[in-house]
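An overview of the molecular structure
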Amino acid sequence: MSDSPEPVDLKDLLSHRDPSQLWFQLAEIVKDRTYLQHGIRVGKGDLVIDAGANVGVAAAFFLTECQAGRVLSFEPVPAIYEMLVENLKNLPGDSTYEF
């Protein structure tokens, strides 16, 4: 038995009013692992603060692929915040804040 989570295809889990933006973010965050460079690591049970969370791609990545224990997601733009909440509502461990 492995401690690795079941793979989650984030493109099936997340949405954005501009699909090209979603594809860009998925490529940058998931495929290129931009946030896991220069010695940055996120591991099982870690707490991540996602300031400027946009629609939640990074939060979903940290929760599903890195197995972070909790992500606090902050997004100040009301219309984007609505998408953030919708995208992360089924991911335990995330708390969203409109700030």
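Not measured: the values here are computed from a predicted model. (Residues numbered from 1 in each chain as written. Predicted model: local features only at pLDDT ≥ 70, side-chain atom pairs only at ≥ 80, totals over all residues. Heavy atoms only, no water.)

1. Considerations on the pairing of strand 1 (residues 47-51)
- In strand 1, alternate side chains face the same way, and those of Val48 and Asp50 are buried while those of Leu47, Ile49 and Ala51 on the opposite face are not.
- In this sheet, strand 2 (residues 70-75) lies alongside strand 1 in parallel orientation, the contact comprising five bridges. Within strand 2, the residue paired with Ile49 across the bridge is Leu72.
- This β-α-β element, strand 1 to helix 3 (residues 57-64) to strand 2, shows right-handed connectivity. (Buried < 20%, exposed > 50% of the residue type's maximum accessible area, 1.4 Å probe, protein only. Helix = DSSP H or I, 4+ residues; strand = E, 2+ residues; numbered from the N terminus. Pairing = 2+ DSSP bridges. Right-handed = clockwise from strand over helix to strand, strands pointing away.)

2. What to know about the sheet that holds strand 1
- Reading across from one edge, 1-2-3 is the order of the three strands in this open sheet, with parallel pairing throughout. Of all the strands in the sheet, just strand 1 and strand 3 (94-98) have a single pairing partner and so form its edges. Recorded for the sheet is a direction-independent mean angle of 15° between the axes of neighbouring strands.
- Here five bridges tie strand 2 to strand 3, and the two strands are oriented parallel to one another. Note on strand 3: the bridge partner recorded for Glu75 is Glu98.
- Running over the sheet, helix 3 touches strand 1, strand 2 and strand 3 and is turned about 180° from strand 2.
- Where helix 4 (residues 78-88) meets the sheet, it contacts strand 2 and strand 3, and its direction lies at approximately 165° from that of strand 3. (Axes fitted to C-alpha atoms, helices over the stretch in contact; angles between N-to-C directions. Contact = heavy atoms within 4.5 Å.)

Such coordinate-based values are descriptive only and should not be taken to indicate function.
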